[in-house]
Structure formats: structure tokens, C-alpha cells
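Each chain, written out:
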Amino acid sequence: MESQSVLFYLISGLTAFSALLAVTASQLFRSAIYLLFSLIGIAAIYFMLDQDFIAAVQIIVYVGGIVVLIIFSIFLTQDSGVEMRKSEWWRIAASGMAALSGFLLTALGLVEYNFVTQSDNLVTGGVKELGRALLSLNAGGYVLPFEMVGLLLLAAMIGCIVIAVKLKELPEGKENIQ
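Residues numbered from 1 in each chain as written. Predicted model: local features only at pLDDT ≥ 70, side-chain atom pairs only at ≥ 80, totals over all residues. Heavy atoms only, no water.

1. Regarding unusual backbone geometry
Part 1 of the argument: Phi angles above zero are rare outside glycine, and D50 is one such case at about 60°.
Part 2 of the argument: The topology assignment puts D50 in the loop between helix 2 (28–48) and helix 3 (52–77).
Part 3 of the argument: Residue class for D50 comes out exposed when judged on its relative accessible area of 63%. (Helix = DSSP H or I, 4+ residues; strand = E, 2+ residues; numbered from the N terminus. Buried < 20%, exposed > 50% of the residue type's maximum accessible area, 1.4 Å probe, protein only.)

What follows is the structure in C-alpha cells.
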């Protein structure tokens, strides 16, 4: 077995283990940290596939944006070290069935899909062409979805701040001005 294959299986195993810990951790902060490790593992797999731009976007958007937003939300809204309450058995069973059906659907898609192995169908062009397409206003451009994602992240951050701000309780007879 080649060293690249061994490295791929090692990274894949650590990524899957981190994902499993992310959904089974008893503390919310630890769960977010395990999610962080899982997303970094996915970026490492992209780097192994020579998809540097996708790996960089994975790190910048998901690791640098989404996970940091989740961690800030945890710190601003809850006690991060408090253990989460245990779920009822029927919720665990329902989520297990949903995860199993998602896995089976993905496996069916992989088995049924006709993968093309010819090198003629590889994506050509580099980061420069992809950047132009992302910021183009023409018919093939993606500037509107790019800006919508930015607005969505802004709205999520504002929502996080609004939830986190708690009104101070004042003695009776005084009004809370905000």
C-alpha cells in the first residue's frame, strides 16, 4: 500500500472519529471543538486531492467562520462547561434511524452513479478563472449567491448578539432603558 493511501485512511479515520465525538460529546463546547477537527480533516482530504482552492474555502468559511460563530454563540448564550441533559431514548432512536437512512441513501447514490475515469472530463482552469466566475456579473457569474452568503452570515452574527444580550433586572419602580 502506498504512503498516500495510508495517509488518506489515517486522515479519514480521524475525521470520522472527530465527527462521531462531535455528536456524542456531553459538553457543547467540546462538541464544537470536535466539529472543528472534523472540518479540518475534510480540508486535509481536499489538499490531498490537489483541490487547494476548495480546501482553502473549507478552512476560511467553515473553520474560520461557522465554527467560530458557533463557539461565540455557546460562550454568549450558555455556560460552556455545563453538561447537556441526556436525550430520551426515542429521540436517540429517531436520530439513529435518520442517520442510518442518510448513510444508506448516500451509499445507494455511490453504487448507482456512473463515475467517469477519463482525464478528458477534468476541470480545467485555476483559481483565477474560478475567482472571475465568482465575482462576475454576467450570466455565468455567482456574485449574487456570494453576497447572499455574506448577508446570511451577517444576520447570524446579529442574531447571536441579540440572543446574548441580557437585560439587567432593575429594582421596582425604575424602567429599563435600552
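2. A few points about the pattern of salt bridges
Part 1 of the argument: This model, assessed by the stated rule, comprises 1 salt bridge.
Part 2 of the argument: E88 serves as the salt-bridge partner of R91, at 3.0 Å between the closest nitrogen and oxygen.
Part 3 of the argument: Judged by relative accessible area, which is 32%, E88 ranks as partly exposed. (Salt bridge = Lys/Arg side-chain N within 4 Å of Asp/Glu carboxyl O.)

3. As for the nonpolar core
General note: in soluble globular proteins, nonpolar side chains tend to be found buried as a group.
Part 1 of the argument: By size, the foremost hydrophobic cluster in this structure holds 7 residues: A32, L36, L39, V63, V67, I71 and I74.
Part 2 of the argument: Sorting the residues of this core by element identifies helix 2 and helix 3 as the ones contributing at least two each.
Part 3 of the argument: Beyond its immediate sequence surroundings of up to four residues, L39 is in contact with Q58, Y62, V63 and V67. (Core = buried A, V, L, I, M, F, W, Y, C linked by side-chain atoms within 4.5 Å. Contact = heavy atoms within 4.5 Å.)

4. Side note on a nonpolar patch on the surface
Part 1 of the argument: A grouping of L144, M148, L151, L154, I158 and V162 is seen on the molecular surface, where their side chains present a nonpolar patch of about 600 Å² in accessible area.
Part 2 of the argument: Within the secondary structure, I158 sits in helix 6 (residues 143–164).
Part 3 of the argument: Residue classification places I158 among the partly exposed residues on the basis of a relative accessible area of 46%. (Patch = residues over 30% accessible without salt bridge, like charges linked within 9 Å, V, L, I, M, F, W, Y side chains within 5 Å. Areas by Shrake-Rupley, 256 points an atom, 1.4 Å probe, with all protein chains shown as cover.)

5. Points about the packing of aromatic side chains
Part 1 of the argument: Within the structure shown, the criterion is met by 1 aromatic pair.
Part 2 of the argument: Residues F8 and Y9 carry aromatic rings whose centres are separated by 5.6 Å and whose planes lie at 65° to one another, so their mutual orientation is edge-to-face.
Part 3 of the argument: You can call F8 partly exposed: its relative accessible area is 32%.
Part 4 of the argument: Under the relative-accessibility criterion, Y9 is labelled exposed at 54%. (Phe/Tyr/Trp six-rings, centres within 6.5 Å; stacked < 30°, edge-to-face > 60°.)

6. Focus on the environment of Q27
Part 1 of the argument: Along the chain, Q27 falls in the loop between helix 1 (3–24) and helix 2.
Part 2 of the argument: For Q27, a relative accessible area of 16% puts it in the buried group.
Part 3 of the argument: Along the chain, Q27 and R85 lie 58 residues apart, while their C-alpha atoms are 9.3 Å from each other.

7. Structural notes on the side chain of S18
Part 1 of the argument: If you trace the backbone, S18 turns up in helix 1.
Part 2 of the argument: Not counting the four nearest positions on each side in its chain, S18 is found in contact with Y34, F37 and S38.

8. Quick notes on the side chain of Q58
Part 1 of the argument: One can find Q58 in helix 3.
Part 2 of the argument: At a separation of 3.3 Å, a polar atom in the side chain of Q58 contacts the main-chain carbonyl oxygen of L39.
Part 3 of the argument: Apart from the residues within four sequence positions on either side, Q58 is in contact with L39, I42, A43, Y46 and V63. (Polar contact = N/O pair within 3.5 Å; in protein donor to acceptor, adjacent residues only side chain to side chain.)

9. Observations regarding the packing of helix 1 against helix 2
Part 1 of the argument: Closest axis-to-axis distance for the helix 1/helix 2 pair is 8 Å, and the angle between their directions is 155°. By the angle between their axes, helix 1 is roughly antiparallel relative to helix 2. Handedness of the helix 1/helix 2 crossing: left-handed. Across the interface between the two elements, Q4, L7, F8, I11, S12, T15, S18, A19, L21 and A22 from helix 1 touch S31, Y34, L35, F37, S38, G41, I42, A44, I45 and M48 from helix 2.
Part 2 of the argument: For the contact of helix 1 with helix 2, the per-class residue count stands at 13 nonpolar, 7 polar and no charged. (Axes fitted to C-alpha atoms, helices over the stretch in contact; angles between N-to-C directions. Parallel < 35°, antiparallel > 145°, perpendicular 65-115°, else oblique. Left-handed = near helix turned anticlockwise from the far one by under 90°. Nonpolar A, V, L, I, M, F, W, Y, C, P; charged D, E, K, R; others polar.)

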